[in-house]
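Observations on the three-dimensional arrangement
Next come the chains, spelled out residue by residue.
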Amino acid sequence: MHAAASLRGGAVAPLPFPHRVIDGYLPPAAHRAFRDRLDALLARGLSQHRDAGRLSKIGGYDCFHWVIPPDAPDALQHFYRRAFRDDVAQAFGLDFTPEVNAQINHHPVGSRNGTWHTDYVHCFHSEDPLSGDGMRPWYFGCEYQAGTPLAGGSTAPILKRVRTAAFLYYLDGEDWSEGDGGETGLGYESPFNDGIQIHTAVAPRPNRLLVFECCPHSFHRVLGNRRWPRSLVIGWLHGTPESAESRHGVTPTYWPAQAALGQYSYHEAT
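Criteria and cut-off values
Residues numbered from 1 in each chain as written. Predicted model: local features only at pLDDT ≥ 70, side-chain atom pairs only at ≥ 80, totals over all residues. Heavy atoms only, no water. Helix = DSSP H or I, 4+ residues; strand = E, 2+ residues; numbered from the N terminus. Rg over C-alpha atoms; globule rule 2.2 N^0.38 Å. Buried < 20%, exposed > 50% of the residue type's maximum accessible area, 1.4 Å probe, protein only. Contact = heavy atoms within 4.5 Å. Pairing = 2+ DSSP bridges. Axes fitted to C-alpha atoms, helices over the stretch in contact; angles between N-to-C directions. Salt bridge = Lys/Arg side-chain N within 4 Å of Asp/Glu carboxyl O. Polar contact = N/O pair within 3.5 Å; in protein donor to acceptor, adjacent residues only side chain to side chain.

**Here's the deal with the overall build of the chain**
- Per the secondary structure count, the chain includes 3 helices and 13 strands.
- By the compact-globule yardstick of 18 Å for 270 residues, the chain fits well, its C-alpha radius of gyration being 18 Å.
- Dimensions of the chain, computed from C-alpha atoms along their principal axes, come out at roughly 45 × 45 × 40 Å.
- Here the chain holds 270 residues, and the buried ones make up 51% of them.
- Long-range contacts, defined here as pairs at least 24 residues apart, represent 76% of the contacts in the chain between residues at least 6 apart.

Right under this line is the structure:
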């Protein structure tokens, strides 16, 4: 198991919503393992259709993704480990269930600005057996956004969950500089009724980890990458709807009906 920097080693920034950024998060060899897998995936080419072995297009999004299998090599298991979940829980004061998602996302050069969204949404996992570490990674057991069956998926009962924390671990960006785009924008609701305004832009530096709490005001979006590809591990830790409503006093939203069909745009209108 690779030793990672602890999220408890510094303060969680409160604004515009609770988040933490750590540089040099994983030891070099552990970072290299994720980067090597990205390079291997890129060598296979991008797929416009779901393909568990390739970076596949996400409908309505200028992005391709590869879901990390639960039986992936040990070097790729970091974000599926209980130790990672517990570190986030203690740093942010959050309660999590065993469910976790993790995938490698790749945004080719020229990807557009995303729309502002909070990630404070209901989602679904199949109640498959826990891993030896007590976790339950999502891996096509059911449709994540709607809870509907997937061909070849699980026959286990479906669990309704809520995204409780998001994590983004950047894989490339060695030559990134101001003005290149590709940052993760953290926003807030303007008091002057002029929409969501950017508060912080987290640059996509390699081996940088961004974690934030998903809540009714955790507005964020990807900023268009004008010069370099943007690649990262992205994922979510989950809780129950009851816990989310008790903490925030607001019922989480559901995904738009078109999202599961790939007919919903996650980009600014152009």
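Back to the text.
**Concerning the pairing of strand β10 (residues 196-202)**
- Examined bridge by bridge, strand β9 (residues 184-189) and β10 share 6 bridges and lie antiparallel to one another. The residue bridging tyrosine 188 from the neighbouring strand is glutamine 197, located in β10.
- Where β9 folds back on β10, the antiparallel hairpin that results is connected by 6 residues, among which asparagine 193 adopts a positive phi of roughly 60°.

**Some thoughts on the sheet that holds β9**
- In spatial order, the strands read β10-β9-β12; together these 3 strands make up an open sheet with antiparallel pairing. Strand pairing shows two members of the sheet lacking a second neighbour, β10 and β12 (220-222), which therefore form its edges. Going from strand to strand, the sheet's axes swing by 30° on average, the running direction of each strand aside.
- Two strands pair when backbone bridges link them, and β9 and β12 are joined in this way by 3 bridges, in the antiparallel orientation. The partner of leucine 186 across the bridge, within β12, is histidine 220.

**Concerning the pattern of salt bridges**
- Counted according to the given criterion, the structure contains 14 salt bridges.
- In this structure, arginine 32 engages aspartate 39 in a salt bridge whose closest nitrogen and oxygen atoms are separated by 3.4 Å.
- Taking relative accessible area as the criterion, arginine 32 reaches 41% and is therefore assigned partly exposed.
- We note a salt bridge from arginine 35 to glutamate 174, for which the minimum N-O separation is 3.0 Å. Placement of arginine 35 in helix α1 (residues 28-44) and of glutamate 174 in the loop between β8 (158-170) and β9 is noted, with a sequence separation of 139 residues between them.
- Put simply, Arg32, Arg35, Asp36, Asp39 and Glu174 are held in one network by salt bridges that share partners.

**Focus on the side chain of aspartate 180**
- By the secondary structure assignment, aspartate 180 is in the loop between β8 and β9.
- The exposure class of aspartate 180 is buried, given its relative accessible area of 7%.
- Here the side chain of aspartate 180 touches serine 177 through a polar contact of 2.8 Å, landing on its backbone nitrogen.
- Beyond its immediate chain neighbours, meaning those up to four positions away, aspartate 180 contacts Asp175, Gly224, Asn225, Arg226, Arg227 and Trp228.

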